[in-house]
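Residues per chain are reported as follows:
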Amino acid sequence: MSEAHTHQHKHNHDHKHTKEVSNRLARAIGHLQKVKRMVDDGEDCSEVLVQLAAVKSAINNTGKLILKDHLEHCIVHAVEDGDDEMLDELNNAIDKFMK
């Protein structure tokens, strides 16, 4: 496991958008399953690409919501606690998310 995953944060992870994030992920999973069925059924490649773009957009928007929660809660607490490692973790996570 990487060092970023073993760091023990000193605050809880109760976020106000947890239910919304979970719902968005469930919808994205369902939509991605539909895209897979489209491929399996030999549907038009252009339509598959359009639907796949919609899934990517849904995932990106969910990531933005998670980032917003992270900034509002985890990062605020980390700054208050002088936890520079948390800021490094955030930068690493953003780099990976934005690839």
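Relevant structure appears above.
Residues numbered from 1 in each chain as written. Predicted model: local features only at pLDDT ≥ 70, side-chain atom pairs only at ≥ 80, totals over all residues. Heavy atoms only, no water.

**Re the environment of Lys 64**
Here is step 1 of the chain: If you trace the backbone, Lys 64 turns up in helix α3 (residues 45–81).
Here is step 2 of the chain: Residue class for Lys 64 comes out exposed when judged on its relative accessible area of 55%.
Here is step 3 of the chain: For the pair Lys 64 and Val 21, spaced 43 residues apart in sequence, the C-alpha separation works out to 9.9 Å. (Helix = DSSP H or I, 4+ residues; strand = E, 2+ residues; numbered from the N terminus. Buried < 20%, exposed > 50% of the residue type's maximum accessible area, 1.4 Å probe, protein only.)

**Quick word on helix α2 (residues 18–40)**
Here is step 1 of the chain: Between the first and last C-alpha of α2 there are 33 Å, a value that for 23 residues agrees with the 33 Å anticipated at 1.5 Å per step.
Here is step 2 of the chain: Where α2 is buried, its residues touch α3.
Here is step 3 of the chain: Looking one or two residues past α2, Gly 42 carries a phi angle of roughly 70°, positive in sign. (Expected span 1.5 Å × (residues − 1). Contact = heavy atoms within 4.5 Å.)

**Thoughts on a negative patch on the surface**
Here is step 1 of the chain: Side chains of Asp 41, Glu 43, Asp 44 and Glu 47 sit close together on the surface and give a patch of like negative charge.
Here is step 2 of the chain: By the secondary structure assignment, Asp 44 is in the loop between α2 and α3.
Here is step 3 of the chain: Residue classification places Asp 44 among the partly exposed residues on the basis of a relative accessible area of 46%. (Patch = residues over 30% accessible without salt bridge, like charges linked within 9 Å, V, L, I, M, F, W, Y side chains within 5 Å. Areas by Shrake-Rupley, 256 points an atom, 1.4 Å probe, with all protein chains shown as cover. Salt bridge = Lys/Arg side-chain N within 4 Å of Asp/Glu carboxyl O. Lys, Arg positive; Asp, Glu negative; His and termini not counted. Charge placed at Lys NZ, Arg CZ, Asp CG, Glu CD.)

**Description of the nonpolar core**
Here is step 1 of the chain: Counting 5 residues, the largest nonpolar core is built from Cys 74, Ile 75, Ala 78, Met 86 and Leu 90.
Here is step 2 of the chain: Listing elements by their share of this core, those giving two or more residues are α3 and α4 (84–97).
Here is step 3 of the chain: Of all the elements, α3 adds the most residues to this core, at 3 residues.
Here is step 4 of the chain: Excluding anything up to four places from it in sequence, Ala 78 contacts Asp 83 and Met 86. (Core = buried A, V, L, I, M, F, W, Y, C linked by side-chain atoms within 4.5 Å.)

**A short note on the pattern of salt bridges**
Once the charged atoms of two side chains with opposite charge are near each other, the side chains can pair.
Here is step 1 of the chain: Evaluated as defined, the whole model comprises 2 salt bridges.
Here is step 2 of the chain: Glu 20 serves as the salt-bridge partner of Arg 24, at 3.1 Å between the closest nitrogen and oxygen. Linking Arg 24 with Glu 20, this pair stays in helix α2, spanning 4 residues, or about one helical turn.
Here is step 3 of the chain: Taking the shortest distance from any N to any O, the salt bridge between Asp 40 and Lys 36 comes out at 2.8 Å. Note that Asp 40 and Lys 36 are positioned in helix α2 at a spacing of 4 residues, about one turn of the helix.

**A closer look at a nonpolar patch on the surface**
Here is step 1 of the chain: Judged by side-chain polarity, Leu 67, Leu 71, Ile 94, Phe 97 and Met 98 come together as a nonpolar surface patch covering roughly 420 Å² of accessible area.
Here is step 2 of the chain: Of all the secondary structure elements, the ones that give two or more residues to the nonpolar patch are α3 and α4.
Here is step 3 of the chain: Relative to the elements of secondary structure, Leu 67 occurs in helix α3.
Here is step 4 of the chain: According to the relative accessible area criterion, Leu 67 is partly exposed, its value standing at 31%.

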